2 protein chains.
Amino acid sequence: MDTETIEKRKQFWTERLRENDYRLTAARCVVIEVLAASECAITPTEIYDLARQEYEKLGLVTVYRTLEKLEDLELVMRVHRPDNCHAFIAGFEGHQHLLLCRRCGRVAYFSGDNIDNLIQRVEKESGYKVHDHWLQLFGLCEECAKE
Amino acid sequence: MDTETIEKRKQFWTERLRENDYRLTAARCVVIEVLAASECAITPTEIYDLARQEYEKLGLVTVYRTLEKLEDLELVMRVHRPDNCHAFIAGFEGHQHLLLCRRCGRVAYFSGDNIDNLIQRVEKESGYKVHDHWLQLFGLCEECAKE
DNA sequence: GTGATTGCAAAGCGTTTGCACCGTA
DNA sequence: TACGGTGCAAACGCTTTGCAATCAC
């Protein structure tokens, strides 16, 4: 990812935190830095290990607490995969459908589905009232497919 | 769920186990019994508690090991939800799309989506090679929507 | 009889909580 | 200065592992 995009992401997150009366601490900044630079689903422990290269004092607990706050603000979202539901990704774009590389965890987004019709049909047939949906694709990204 | 359906499910599971050279033990039978009677996503601990009413000697570890085997045989599948990925459901029907009640965990299946076109488009645009997909709807079942 | 399966205890892992200290606003 | 935020240690809940006893075939 290019430096400009990373910088934009960091700024965006920083502003959202400030707006919501969260303090900008060294710990939070370094967690945000790691998240901003990541194109992949990343676990709290991975964030911890990477972030400590910049800020050795960081505690794993703080990573969890920062993720919790970012999740509340819908700035990150938890990623569910068949074998692992412990990772997070940057969630700037509102509701998006995910395309996940099952090898390296790289994340792409896509849209343009048209499942509203389907949802209406299923509601009618099942009697359920549908509030939310997940549409996720799993596979190999261009890099990983080469190997 | 009617008794006949439950009985059919149990028979189906029992045969699959036998075919695959798994022994039919008391522990396995009682776990299967609980699963067969459940219309909802159910956790290992819930299975354990229910099954022990029939077979007090049962250990939680055996529930886990039985689920592992049933999962290998694709007879149960793990259910992923935003807040909880610890539950399982009966998975007779091959690849199915899920409709989950977020209140009581009741599960319905639906099909008739047509996402092959979407997948082809996303593959072309992203460079990913897609192998699998999840399409899940979350909401309230008829019962829970009433309240 | 033999080897798969069981249950127990203990370890493992990811996550949360309690608490005294620290640092941002 | 005040109080939100931090890091440590310890607890927690779910899951897996090691092992001797058991039981289906």
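A. Examining the domain arrangement of chain A more closely. All names here are of chain A. Domain annotation for chain A reports domain 1 (3-90) and domain 2 (97-146). Just the C-alpha atoms count here: the centres of domain 1 and domain 2 sit 24 Å apart. Here domain 1 and domain 2 share an interface that buries about 830 Å² over both sides, 63% of which is from carbon and sulfur atoms. On the domain 1 side of the contact with domain 2, E39, H80 and R81 bury the most area, a combined 47% of that side's loss. Linking domain 1 with domain 2 are one salt bridge. With its nearest N and O atoms 3.3 Å apart, the salt bridge here joins E39 to R106. There are five residue pairs in polar contact (both at pLDDT 80 or more) connecting domain 1 and domain 2. Those elements that provide at least two residues to the side of domain 1 that touches domain 2 are β1 (76-81) and β2 (84-90). If you tally residues by element for the side of domain 1 that touches domain 2, the top one is β1, at four residues. Residue composition of the side of domain 1 that touches domain 2, grouped by class: seven nonpolar, one polar and two charged.

B. Fine view of the protein's contact with DNA strand D. Looking at DNA strand D, there are 20 residues lining it, with T25(A), R28(A), T62(A), R65(A) and Y64(B) nearest. What you see for DNA strand D is that sugar and phosphate hold 69% of its atoms within 4 Å of the protein. In the model, a base nitrogen of DNA strand D is placed 3.1 Å from a nitrogen or oxygen of the R23(B) side chain. Among the elements of the structure, α2 (26-36) and α4 (60-72) of chain A together with α4 (60-72) of chain B are those that each provide at least two residues to the surface near DNA strand D. When its residues are assigned to classes, the surface near DNA strand D shows nine nonpolar, four polar and seven charged.

C. A look at the protein's contact with DNA strand C. Around DNA strand C, 21 residues are found, and the nearest of them are R23(A), Y64(A), R23(B), T25(B) and T62(B). Each atom of DNA strand C within 4 Å of the protein was classed as base or backbone; sugar and phosphate made up 61%. Measuring from a base nitrogen of DNA strand C, one finds a side-chain N or O atom of R23(A) at 2.6 Å. The separation between a phosphate oxygen of DNA strand C and a polar side-chain atom of Y64(A) is 2.3 Å. Among the secondary structure elements, those contributing two or more residues to the surface near DNA strand C are α4 of chain A together with α2 (26-36) and α4 of chain B. In terms of residue count, α4(A) provides more of the surface near DNA strand C than any other element does, four residues in total. When its residues are assigned to classes, the surface near DNA strand C shows ten nonpolar, four polar and seven charged.

Reading the values: the criteria
Residues numbered from 1 in each chain as written. Chains lettered and ligands numbered in written order. Predicted model: local features only at pLDDT ≥ 70, side-chain atom pairs only at ≥ 80, totals over all residues. Heavy atoms only, no water. Domains from an automatic or database assignment. Buried area = accessible area lost by both parts, 1.4 Å probe. Salt bridge = Lys/Arg side-chain N within 4 Å of Asp/Glu carboxyl O. Polar contact = N/O pair within 3.5 Å; in protein donor to acceptor, adjacent residues only side chain to side chain. Helix = DSSP H or I, 4+ residues; strand = E, 2+ residues; numbered from the N terminus. Nonpolar A, V, L, I, M, F, W, Y, C, P; charged D, E, K, R; others polar. Near = heavy atom within 4 Å.

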